[in-house]
Amino acid sequence: MKRLLLALACIAPAAHADDAPEYKLTAGHYRYSAGYSGQDLNLRRRDGDTNVWLGLYRDGVFGRQARTGFDTSVDLADNLSLQPSLQAASRGFLGGSVNLQWGSTWFGLVGWGRTNLRPYYNLNWDPNDAITVGAGWHGDGGRQVAVTLISDDRLHTHQRDLHLFGRWPVAEGLRLTLDLMHKTGQGDDGEVRAWGWSATLDWPAWFLRLAHDPKQNFSALDADRLSVGLRF
């Protein structure tokens with residue numbers, strides 16, 4: 001679920017300009033260690049601080065799942081914002097989260113998420129029924145460094161994902177985003193301790209992302225993802 005990393009923008013890179021409304025179409029291809037693949041397609045519309053999106057995922061084992069959701073940011077005071085999100089999906093899934101972020105150049109973040117525990121193929125790779133704590137730094141030109149911990153607080157799995165995130169311009173009109181993740185906790189086949197990563201090249205009109213997630217969603221599967229996105 002696109003949820004508790006909303007404020008840190010770790011799921012999808014932001015555009016270089018804040019012109020609204022903005023549409024973003026993303027296609028993803030997943031290769032799994034069990035020898036099969038999956039695909040997802042996502043269309044997102046941004047208007048100011050609010051995003052609304054529709055998506056579809058499919059693979060030969062899980063099947064298909066359509067999903068929709070929204071997230072937004074509400075200013076509560078100077079340098080203090082509330083960031084709620086909601087999501088629904090076929091097979092009866094419902095979920096949501098809320099973040100509180102404070103600070104400007106230096107910032108902190110706390111968040112909480114819940115679902116109804118119905119079947120859901122989690123493309124975000126972080127626990128959904130979890131609490132989040134994080135801190136980071138914003139700089140000029142979209143520069144950002146942050147660390148975030150997402151920890152299960154409902155299912156007693158001790159699952160935790162620790163993210164070290166950085167975004168930096170590398171050339172005119174081009175940014176590089178890196179997310180290094182360390183996961184620990186109880187998985188489907190026992191204790192999990194593994195490192196994952198994603199790397200994104202972000203141009204004003206489109207982006208390209210590669211990601212590797214060992215023991216995806218704390219399962220027995222390793223996953224590699226290639227995503228291409230277009231803004232229009």
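Scroll up a little and you will see the structure.
Below is a summary of the structure that appears in this document. Note that the coordinates shown come from a computational prediction; the quantities given were computed from them, not determined experimentally. (Residues numbered from 1 in each chain as written. Predicted model: local features only at pLDDT ≥ 70, side-chain atom pairs only at ≥ 80, totals over all residues. Heavy atoms only, no water.)

Considerations on the nonpolar core
Here is the rule: We define a nonpolar core as any set of buried Ala, Val, Leu, Ile, Met, Phe, Trp, Tyr and Cys residues linked to one another through side-chain atoms lying within 4.5 Å. A simple rule labels every residue: compare its accessible area, found with a 1.4 Å probe on the protein chains alone, to the largest value its type can have, and call it buried under 20%, exposed over 50%, or partly exposed in between. Throughout, a contact is declared for two residues whenever any of their heavy atoms are within 4.5 Å.
Membership of the largest hydrophobic core is limited to ten residues, which are Tyr30, Tyr32, Tyr57, Phe62, Tyr121, Leu123, Trp125, Ala211, Leu221 and Ala223. Contact partners of Tyr121, with chain neighbours within four places excluded, come to Tyr32, Tyr57, Asp59, Phe62, Gln65, Arg67 and Gln216.

Thoughts on the environment of Asp153
Rule in force here: Each helix is a run of DSSP H or I of at least 4 residues and each strand a run of E of at least 2, with the numbering of both proceeding from the N terminus.
For Asp153, the position within the fold is in the loop between β10 (144–152) and β11 (160–171). Its relative accessible area of 32% is what places Asp153 among the partly exposed residues. Contact partners of Asp153, with chain neighbours within four places excluded, come to Trp112, Arg114, Asp129, Ala130 and Ile131.

Quick notes on the pattern of salt bridges
Keep this limit in mind: What counts as a salt bridge is simple: a side-chain nitrogen of Lys or Arg found within 4 Å of a carboxyl oxygen of Asp or Glu.
For the coordinates displayed, the defined rule picks out nine salt bridges. In this structure, Asp224 engages Arg31 in a salt bridge whose closest nitrogen and oxygen atoms are separated by 3.5 Å. You can see Asp224 sitting in strand β15 (residues 223–231) and its partner Arg31 sitting in strand β1 (residues 22–32), a full 193 residues away along the chain. Its relative accessible area of 26% is what places Asp224 among the partly exposed residues. Asp71 is paired through a salt bridge with Arg44; the nearest N and O atoms lie 3.3 Å apart. Taken as a pair, Asp71 in strand β4 (residues 63–71) and Arg44 in strand β2 (residues 37–47) lie far apart in primary sequence, 27 residues in all. Note on accessibility: Asp71 and Arg44 belong to one class, buried. Residues joined in a network through salt bridges with shared partners are Arg175, Asp202 and Arg231.

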